[in-house]
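What follows is each chain in one-letter form.
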Amino acid sequence: MGKKKRRSGVLLLASLLILALLAACGGGNNGGGNQAQEANGAGESPKPADSAAIDTSKKVELQLYMLGNAPKDLSMIESEINKMAEEELNTTVKFNYTTWTDWDQKYKLLLSTGQSIDLIYTADWTQYSSYAKKGAFMALDDLLPKTAPELQKFVPADFWDAVKVDGKIYTMPATYKEFVTGGFTYRKDLQEKHNLPVPTDLASYEQFLLGIQKSEPNILPVFMNSDMKALHWTYMDLNKSISSDVPYGLNIKYEDPANVIQYWGSPEMIEELKLYKKWQDLGLIPKNVLNSKDDGTDVFPSGKAASVFGLNPTKYNDAKMKMEAVHPEWDLAYVPYATTTKIAPPVHPIHNGFAVPKNSKNPERALAFYEKLVLDKRYNQLTQYGMEGTHYNVESGYYKMVGTSNTNGFPREAMNGWAWRNPEYMLFDKSYDNIQEIFDELDQYQTPDKFLGFAEDFTAYQAEKAALEQVEKQYLYPLYAGLVDDVEQGVALFMEKAKQAGLEKIQTEYTKQWLAYVEESGIAK
Amino acid sequence: MNRISPAAAPMRMKPQKENRLYLKKKKGILQELVKNRVLYLMLLPTIIFFLIFSYFPMIGIYYAFTRFDFNTTMFNAPFIGLENFEFLWKSGTLTKLTLNTIGYNIAFIFLGHGLAIFVAILLSELSGKWFKKITQSVMFLPYFVSFVILSVIVYNIFNYDNGFFNSMLTSFGMEKVDVYSKPVLWIFLIIFFFLWKNIGYNMVIYLATITGISSEYYEAAQIDGANIFQRIWYITLPMLKSTFVVLLLFALGSIMKGQFDLFYQLVGNNGLLYNTTDIIDTYVFRSLKVTFDMGMATAAGLYQSLFGFVLIMTVNYIIRKINDEYALF
Amino acid sequence: MTIKADGYTKLFKAIAYTVVILFSLVCLLPFVLIISASLTSNHAIIREGYHLIPSEFSLEGYQAVFRFPEEVLRAYGVTTTVTIIGTCLGLFCMTMAGYVLSRKDFKARNGFSFYIYFTTLFGGGLVPWYMLITKYLGWMDSYYALIVPSLMTPFLIILMKNFIKSAVPEELYESAKIDGAGDFRIYWQIVLKLAMPGIATVGLFLALHYWNDWFSSSMFINDTHKYQLQFYLYNVINSSNFMAQMGISTGVTLAGDMPTESMKMAMAIVVTGPILLLYPFIQRFFVKGLTIGAVKG
């Protein structure tokens, strides 16, 4: 009986294998094939195009990539958009989201593996300038007048200039003016109750903190977590640095951009670190702050802390709204650093934008579509606020969400469409009035952002940069948290290690690039 | 002429001979393939699988020697030699990192398996169906706690200001201990949490192996009057040896690769602890978070791989000399 | 003699029970902490940290997890399907591989063992891997990307080989061959039965691997309907990490409420719950004597 059965066993096995392989290959082809079909398939319905200059005879599907999480009702919005886009541009769009899990890694992969992506979000914090410099995006200078002339007119010329990297435009900037500068957020009710100074600089802030510590033992004077740079940034902001985050231990003052100062190891730095040491000794900075896992949401509504530094006006307002919902008897107030420093640059144009990656197959259609997204009210409001009636209502000119954020499948700006905000079509929640008030106040100190336009090229000192990152975490962060007993000695050790990692090489090269930028952009004047 | 010919003759002969050998060998392979065709067929999915998902992507190792640019593909990117490896020793910590990584891994391997064997033996000798069921399941629980969540719990236990541990010390009238500024303590804590999380997993392997031991051995031992300790010592432990050696060998190859999440989540940004808790993986992650250069990332991986490769080849060679049974390949 | 042996046994049992109970408690404690936290109100956690008994009982964590129940249930569906299909397919391939590699008369076994082991040493890194899956196989947004790449691991194959080697005596192959059984039939009818504890172990590990996998979703799935359950948990945690690290400096505002501490813990419980039931099921195979019965029967 053996032989026959063995045969059938072998046959069974072989056929299983073949099936599995076929299935695998088939699956692969399907995935790719469908897309190809959709992309190339049937130019049957050539529609007269709105923007006359581009050829829309062929139907294409655009791949748009945005950071963050997709809203629950995305597919509903997507199909509405596609109905219009198909008719007007013979185009459909797929909105893809990276989620916040490993978004920086994914962002890099999307750009470097040759996938065909037509539109992708850019910002200063996604390293727009570096990517542009390394050639990840398509230069848009020649395409814009042809494919998105309206958009080109709509965005002011100085915005286009500001996003240029090596003289070329690589992203389409947002035009909505907002301030993301920092400020002190504090519990006004407690400040008044105990007759404490209003925090306007670090000295008065310290008095405020100590007062809280003395009279409210159950509340933390200030909330901090393991991101110790936040404190350092505040310090730099208040000292009128050109940016809170000039890298590699350099400092550049806002008034004098051509003068690059050696900050690490300087007496000023030691003074800064001694302040943190003092705060640590006074118990204002939690002892294990470097390991704190607290992400800082709900510090105010839960009554955990009496102040937070660094929040921008919008964040402050969020916190205030949340707190008042639970504890209407408490009061939160905000002092922007700009009231002290008189420097308040509104967001730099590169802060929000969309670029066309180098591997895009349909750059023309991408730009035409993006123009619609910004300038066509139907496209714009649909992608920012959802479907009127289902997701939101307009009440006396204000945005009103239907239901709560726990039931609404598309809350305000759920698609993270920060980049295609159009000030003319924007709808605001009632609470936005508070923010506008702060913005108006900041307007009087408005100054241009001199720093973000600079595109650093770190190819020459990549290894040193990576090594320095480690040294900073290991030796500088404990100093930021005030955990090193002898500050001078700690700084000396840190400097020794930093120099070993190649600090001088980095600084020399960076300074050279920066000065060239100052020269070229004329910001020193 | 005469002087040349003797030398020339064998040279002419050689190809022929080789050819014959080659033919013979080829025939041997064919024969082997035909004879064991079923076995080969059964192995085929595995072979194809690793070819596609492991060997094919290995081409990417070449990235380690090039400078990445969006305008080039992998193969026309400029070759830059060992430049990508530089950042590893630039900060002057490579030796320390290497030693830390190896040290922790050795502790993980030996303590991890030792304890797992110990607990597996205890459990296998105990009776009480429900007791065993429940305890085994409970020991598996930590495996499901992700390190992100574990780190939150650990912080809640050990933080200085209001941690569980310190509140307890104060309530007993003792001094608080600032655990997060004591690097040496973390050697033990990290090993402890590794064991805590992984013992359940390893224990199952040994439990399954013990289950596979024929009960005839134990019956014979019982008749000979061996007590329970002797039974464990003379029967159970030797039977577990081969499993242990294989797992040990397996682990040696990745001795330079660390439990990234364990270290990264528990230590995080706390530079005070890096001297004793930094391993290669955490270092590479932190260093490249800003630049995220794939050439440098690949270079670091290659450094780890080469070390493991040399080690495992040597150890496996030695083991095969001693006892072929235990060798990995 | 027997009395003495009993004394030893008693001593052993005393030690064993103590150790096992103590160890179980250590394993259980953090879990109790998580459960308790998941049942505590979020503000109480932020203020006071964790307690073994909820200081302010609340179900808001679970309510937040299940605010769109269909999403969580769908993720459950994806993970369960992927786990079942992947484990069955993977076990089939790995038991075959383990069997072949454990056969002493199979000359190429060392070569192939090396072929498999070598892949744990060297890897090309993330980029080629990503390109392979998305570009060459075209598995973006496909269930294949969740199942196929995790079918086999060298560790489990070597483990399988070892289990089979110790469970099936060499002589059995000889006698089976004399009886005229082919290689596949030996595997199908004898090896699979004898190596059951080993197969159960490897199956458990593989199933756990699939269940705990979030990386595949993170890299290869854009369609929110195909997210794995674990990815759900990770994304909840990562979204709030992002806000903590980047939020302040970027001026990014996110729509809707951010996940809360109690929600993270509730999510951890929701994700872990069902797979815990798998272990007691596997335990059936760890009862002594089962193998012996199989040989005789």
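Owing to the predicted nature of the structure, the values given are computational and were not obtained by experimental measurement.

Conventions we followed
Residues numbered from 1 in each chain as written. Chains lettered and ligands numbered in written order. Predicted model: local features only at pLDDT ≥ 70, side-chain atom pairs only at ≥ 80, totals over all residues. Helix = DSSP H or I, 4+ residues; strand = E, 2+ residues; numbered from the N terminus. Buried ≥ 20, exposed ≤ 12 C-beta atoms within 10 Å, placed from the backbone. Contact = placed C-beta atoms within 7 Å. Pairing = 2+ DSSP bridges. Axes fitted to C-alpha atoms, helices over the stretch in contact; angles between N-to-C directions. Parallel < 35°, antiparallel > 145°, perpendicular 65-115°, else oblique. Left-handed = near helix turned anticlockwise from the far one by under 90°. Nonpolar A, V, L, I, M, F, W, Y, C, P; charged D, E, K, R; others polar. Expected span 1.5 Å × (residues − 1). Arc of directions from axis to C-beta. pLDDT = per-residue confidence, 0-100. Core = buried A, V, L, I, M, F, W, Y, C linked by C-beta atoms within 7 Å.

1. Overview of the overall build of chain A
Scanning chain A for helices and strands turns up 19 helices and 14 strands. For chain A, the residues scored as buried account for 48% of the 525 residues in total. For chain A, restricting intrachain contacts to residue pairs at least 6 apart in sequence, the fraction spanning at least 24 positions comes to 75%.

2. Let's talk about the overall build of chain B
In terms of helices and strands, chain B carries 14 helices and 0 strands. In chain B, the succession of α and β elements from N to C terminus is α-α-α-α-α-α-α-α-α-α-α-α-α-α. For chain B, buried positions account for 41% of its 329 residues. Look at the contacts in chain B between residues 6 or more apart in sequence, and 68% of them connect residues 24 or more apart.

3. Focus: the sheet that holds strand β7 (residues 183-187) of chain A
Residue and element names in this part refer to chain A. One open sheet accounts for 3 strands, arranged β10-β7-β11; its pairing is antiparallel. Of all strands in the sheet, those with a lone pairing partner are β10 (307-309) and β11 (332-336), marking the two edges. Neighbouring strand axes in the sheet, compared pairwise and without regard to direction, differ in orientation by 15° on average. Sheet topology note: the β7/β11 ladder contains 5 bridges and is antiparallel. Each residue of the ladder has a partner; that of Arg187, found in β11, is Leu332. Of the strands in this sheet, β7 and β11 are in contact with helix α12 (residues 313-326), which crosses β11 at around 170°.

4. Some thoughts on the pairing of β7 of chain A
Burial within β7 of chain A is extensive, with 5 of its 5 residues counted as buried. Going residue by residue along β7 of chain A, you find Gly183, Thr185 and Arg187 of chain A tucked away on one face and Phe184 and Tyr186 of chain A tucked away on the opposite face as well.

5. Let's talk about the environment of Ser243 of chain A
Residues and elements named next belong to chain A. Position of Ser243 among the secondary structure elements: in the loop between α10 (229-238) and β8 (250-252). Taking the C-beta count within 10 Å as the criterion, Ser243 has 19 such neighbours and is therefore assigned partly exposed. Distance from Ser243 to Lys253, taken between C-alpha atoms, is 8.3 Å for residues 10 residues apart in sequence.

6. Examining the packing of helix α17 (residues 462-480) of chain A against helix α19 (residues 503-521) of chain A
Residues and elements named next belong to chain A. Axis separation between α17 and α19 bottoms out at 9 Å; the angle between their running directions is 120°. One finds that α17 runs oblique with respect to α19. By crossing handedness, the relation of α17 to α19 is classed as left-handed. Where α17 abuts α19, its residues Glu464, Lys465 and Leu468 lie against Leu503, Lys505 and Ile506. For the contact of α17 with α19, the residue count by class is 3 nonpolar, no polar and 3 charged.

7. What to know about helix α2 (residues 74-89) of chain A
Residues and elements named next belong to chain A. For α2, with 16 residues, the first-to-last C-alpha span of 21 Å sits near the 22 Å given by 1.5 Å per residue. Inspection of α2 places Leu74, Ile77, Glu78, Ile81, Ala85 and Leu89 among the buried residues, and these make up the whole buried set. Angularly, the buried residues of α2 cover 95° about the axis, an arc narrow enough to put them on a single face. Exposed positions of α2 whose direction lies more than 90 degrees from the buried face are Ser79, Lys83 and Glu87. Along its buried surface, α2 packs onto β2 (91-97), α14 (363-375) and α15 (377-385). Two residues or fewer after α2 comes Asn90, characterised by a positive phi angle close to 55°.

8. Here we look at the interface of chain C and chain B
Each partner contributes to the interface: chain C provides 77 residues, whereas chain B provides 69 residues. For the side of chain C that touches chain B, the element with the highest residue contribution is helix α1 (residues 2-38) of chain C, accounting for 16 residues. When its residues are assigned to classes, the side of chain C that touches chain B shows 54 nonpolar, 19 polar and 4 charged.

9. Observations concerning the confidence of the model for chain B
Residue and element names in this part refer to chain B. Taken residue by residue, chain B gives an average pLDDT of 83. The fraction at 70 or more is 90%. Confidence scores differ between elements of chain B, with helix α1 (residues 5-35) showing the lowest mean pLDDT of 56 and helix α2 (residues 37-55) the highest of 93. When the criterion is pLDDT under 50, residues 1-18 qualifies, and its contacts beyond four places in sequence or with other chains add up to 0 contacts. We note a pTM of 0.86 for the whole complex and an ipTM of 0.88 for its interfaces.

10. Some remarks on the nonpolar core
The biggest cluster of nonpolar side chains holds 304 residues, and the ones touching the most others in it are Tyr370 of chain A, Ala120 of chain B together with Met267 of chain C. The element best represented in this core is helix α8 (residues 183-212) of chain B, accounting for 12 residues. Ignoring any residue separated from it by four or fewer positions in sequence, one finds Tyr370 of chain A in contact with Leu119, Ala148, Leu151, Met172 and Phe354 of chain A.

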